[in-house]
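Structural characterization, general
Each chain, written out:
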Number of protein chains: 2
Amino acid sequence: MTTELSRDTAPEEDWLRLDRQICFSLHAASRAFNGVYRVLLKELGLTYPQYLVMLVLWEHGETPVKKLGEHLRLDSGTLSPLLKRLEAAGLVRRERSTRDERSVQVALTDEGAALRERAVLVPRRIMSATGFSLEEIRDLHIRLDRLTTALDTAALEETPGRR
Amino acid sequence: MTTELSRDTAPEEDWLRLDRQICFSLHAASRAFNGVYRVLLKELGLTYPQYLVMLVLWEHGETPVKKLGEHLRLDSGTLSPLLKRLEAAGLVRRERSTRDERSVQVALTDEGAALRERAVLVPRRIMSATGFSLEEIRDLHIRLDRLTTALDTAALEETPGRR
DNA sequence: CGCCATTTGATTGTGCACAACTGAATTGTG
DNA sequence: CACAATTCAGTTGTGCACAATCAAATGGCG
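Now for a description of the structure that goes with this document.

What counts, and at which threshold
Residues numbered from 1 in each chain as written. Chains lettered and ligands numbered in written order. Predicted model: local features only at pLDDT ≥ 70, side-chain atom pairs only at ≥ 80, totals over all residues. Heavy atoms only, no water. Helix = DSSP H or I, 4+ residues; strand = E, 2+ residues; numbered from the N terminus. Buried < 20%, exposed > 50% of the residue type's maximum accessible area, 1.4 Å probe, protein only. Contact = heavy atoms within 4.5 Å. Pairing = 2+ DSSP bridges. Least-squares fit on C-alpha atoms with pLDDT ≥ 70 in both. Near = heavy atom within 4 Å. Polar contact = N/O pair within 3.5 Å; in protein donor to acceptor, adjacent residues only side chain to side chain. Nonpolar A, V, L, I, M, F, W, Y, C, P; charged D, E, K, R; others polar.

Considerations on the environment of B:Ile22
Along the chain, B:Ile22 falls in helix H1 (residues 14-42). The buried category is assigned to B:Ile22, whose relative accessible area is 16%. Those residues within four positions of B:Ile22 in sequence are excluded, and the remaining contacts are A:Phe33 and A:Ile137.

Here it is, written out as structure tokens:
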């Protein structure tokens, strides 16, 4: 429990400031990314989470909603309305599986598949917007994944009997 | 413009996969953080963004809405309802400035100020949840801020006549 | 077969993020 | 003073995140 903290002049008070900077940086970076994607994706008619769904479909093809949720770590409360909007935009089709009537398959329409041609330009524009090198991005990516894994397991331990 | 990429075997196609991992990692890490805060802050009756607002108020005392927005990079569309909920919870007071009737001052109630006593425990529990050392957190913090700055200026350049 | 636990998607409700707009108050300029 | 531009909070509308709940379908078991 009691980790060492003797150094770093932390009289309990300053922790509130330090903390703000840590969690807040991530929060801000996430929204900043979101902002850049918003601009780049507007011309494709996609939001950022919709773009993530399309990425999965472009990579894996027809996918049940359940699998989409696992890939993106999103539940049906987020995915259901999002997928309906993508369907309304004519980019995907949703149809119940004939084998398991509980499952809904999400597939690309021709229009959705064609959109990939235009989306392929996005990643590099994002890359250059970050000003980071490939090395740095890879490194950051590894750290963030490690962070996410640690936070997820910690959250599970904090909430024993949930989910 | 054309950064070097000759190496790394990237035939345009793979960029969509690589890209998903970069933006997605940040997205996921942000939500993972949110999840841990959600658990820890539940007993304080705060959401994560509400906690951020309280941090600013604990640090700076009475603050106009405008300043809160600058500190947190949030606009009034987000802050107005959030502050009303904090007011309904009895943690803050909102009152129009007498000098400038356009400005609304947000101040802590006694209850809001007292909550700080219990909140002071949160940062360390978050720290330990990350499994990161102080060094690592500081390093990550610096990288994220650099990323945010770069993304913000890039977004501004992409949308010339906005904001 | 009948019954029950599990799986799966959908729905509802709360809260945040942000764009666009409104309206009041203030400030600048002639 | 009159009038235009600016500043500031609030409101509205769209979309995402997630908890809680529901209903239908499936599969196992007696």
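So, the sheet that holds strand S2 (residues 92-96) of chain B
Residue and element names in this part refer to chain B. Across the sheet, which stays open at both edges, the three strands sit in the order S1-S3-S2 with antiparallel pairing between neighbours. What marks the edges here is a single partner per strand, and that holds for strand S1 (63-64) and S2. Pairing of S2 with strand S3 (residues 104-108) involves five bridges; the strand directions are antiparallel. Within S3, the position partnered with Glu 95 by the bridge is Gln 105.

Looking at the relation of the copies chain A and chain B
Once chain A is rotated about the relating axis by 180° and shifted along it by 0.0 Å, it coincides with chain B to within an RMSD of 0.0 Å. The superposition of one copy onto the other is thereby described by a two-fold rotation axis. Minimal C-alpha distance to the rotation axis in chain A is attained by A:Ser30, lying at 3.3 Å. Most of the interface of chain A is mirrored in chain B, where 100% of its interface residues are also at the interface.

What about the protein's contact with DNA strand C?
Lining the immediate environment of DNA strand C, one finds 28 residues, of which A:Lys66, A:Ser76, A:Lys84, A:Arg102 and B:Arg85 sit closest. Looking at DNA strand C alone, sugar and phosphate atoms form 78% of those within 4 Å of the protein. A:Lys66 is positioned with one of its backbone polar atoms (N or O) 3.0 Å from a phosphate oxygen of DNA strand C. At 2.7 Å from a phosphate oxygen of DNA strand C is found a side-chain nitrogen or oxygen belonging to A:Lys84.

Describing the protein's contact with DNA strand D
Neighbouring DNA strand D are 29 residues, the closest being A:Arg85, B:His27, B:Ser76, B:Lys84 and B:Arg94. Looking at DNA strand D alone, sugar and phosphate atoms form 75% of those within 4 Å of the protein. One nitrogen or oxygen atom from the side chain of A:Thr47 is found 2.9 Å from a phosphate oxygen belonging to DNA strand D. Between DNA strand D and B:Lys84 there is a distance of 2.6 Å, counted from a phosphate oxygen to a side-chain nitrogen or oxygen. Broken down by secondary-structure element, the contributors of at least two residues to the surface near DNA strand D are helix H2 (48-60) and helix H4 (76-88) of chain A together with H1, helix H3 (65-72), helix H4 (76-88) and S2 of chain B. Of the residues that constitute the surface near DNA strand D, the class distribution is five nonpolar, nine polar and 15 charged.

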